[in-house]
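Here is what each chain is made of, one letter per residue.
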Amino acid sequence: ATPPAGSYTYSWSGDASGAIQNVTQTYSTAGTKNATVNVTSGGISKSASCSVTIIAPAQPDLITQSLSRNPSSPTPGQSVTFSGVVRNNGSGSAGSSTARFCVDNSNCSSSTTRRVGGDITISSLAAGANSSSLTSGSWSTTSGSHTIYFCADVGNSVSESNEGNNCSNAPFIVSSSPAPFVEL
């Protein structure tokens, strides 16, 4: 059946308005939106309003945690490996991604400079899931203060709710062992 002739006006939270009979509005951001429809036909006017809550789609959020080194107190020239876990802290599933360990490279997520071992492929992670413990290749220590960086989603292959929290780091010192105590 054809609706009776008349006029139609609508307004969606100030984002869109018009005067057509059938209306569709799409939003790309979450939040509460208000809709008002006014219909006038045959000398009678009616108005209706409602609120609609737009929910953002579930997205993953990959973070790194449980960063450690072995041995924990390395000496110069000693081989050290680093370990950590990638966690999907988001509400949506994450497809496969890549993790990386770097020494003294705060741009580890985008640079292979001072990368320790190769990049590590992580299979998909459900919301709230952790990867198995990931271990770097070996790094031959040098004396001084250093920082290990561990980054998830290297190359940004996973669209996340927070792209700024993919890396963690931990400072450490490589120093010579104390001289043995000799009793005279």
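What comes next is a walk through the structure. The structure presented is a predicted model; accordingly, all values stated were derived computationally and were not measured.

## Details of the overall build of the protein chain
- A count of helices and strands for the protein chain gives zero helices and twelve strands.
- Helices and strands appear in the protein chain in the N-to-C order β-β-β-β-β-β-β-β-β-β-β-β.
- Considering only intrachain contacts with a sequence separation of at least 6, the fraction spanning at least 24 residues in the protein chain is 60%.
- Element-wise, carbon and sulfur atoms account for 49% of the exposed surface of the protein chain, whose accessible area totals about 10,600 Å².

## Quick word on the side chain of Thr-141
- Looking at the element boundaries, Thr-141 is found in the loop between β10 (139-140) and β11 (144-151).
- Setting aside residues no more than four positions away along its own chain, Thr-141 makes contact with Pro-74, Thr-75, Pro-76, Gly-77, Gln-78, Val-80 and Val-174.

## Section: the packing of aromatic side chains
- Scanning the entire structure with this criterion turns up four aromatic pairs.
- Relative to Phe-150, the ring of Phe-101 lies with its centre 4.3 Å away and its plane at 5°, an arrangement referred to as stacked. Of this pair, Phe-101 sits in strand β7 (residues 97-103) while Phe-150 sits in strand β11, and the two are 49 residues apart along the sequence. Taken as a pair, Phe-101 and Phe-150 share a single burial class, namely buried.
- Cluster of aromatic residues (ring-pair linked, three or more members): Phe-82, Trp-139 and Phe-172.

The rules behind the values
- Residues numbered from 1 in each chain as written.
- Predicted model: local features only at pLDDT ≥ 70, side-chain atom pairs only at ≥ 80, totals over all residues.
- Heavy atoms only, no water.
- Helix = DSSP H or I, 4+ residues; strand = E, 2+ residues; numbered from the N terminus.
- Contact = heavy atoms within 4.5 Å.
- Areas by Shrake-Rupley, 256 points an atom, 1.4 Å probe, with all protein chains shown as cover.
- Phe/Tyr/Trp six-rings, centres within 6.5 Å; stacked < 30°, edge-to-face > 60°.
- Buried < 20%, exposed > 50% of the residue type's maximum accessible area, 1.4 Å probe, protein only.

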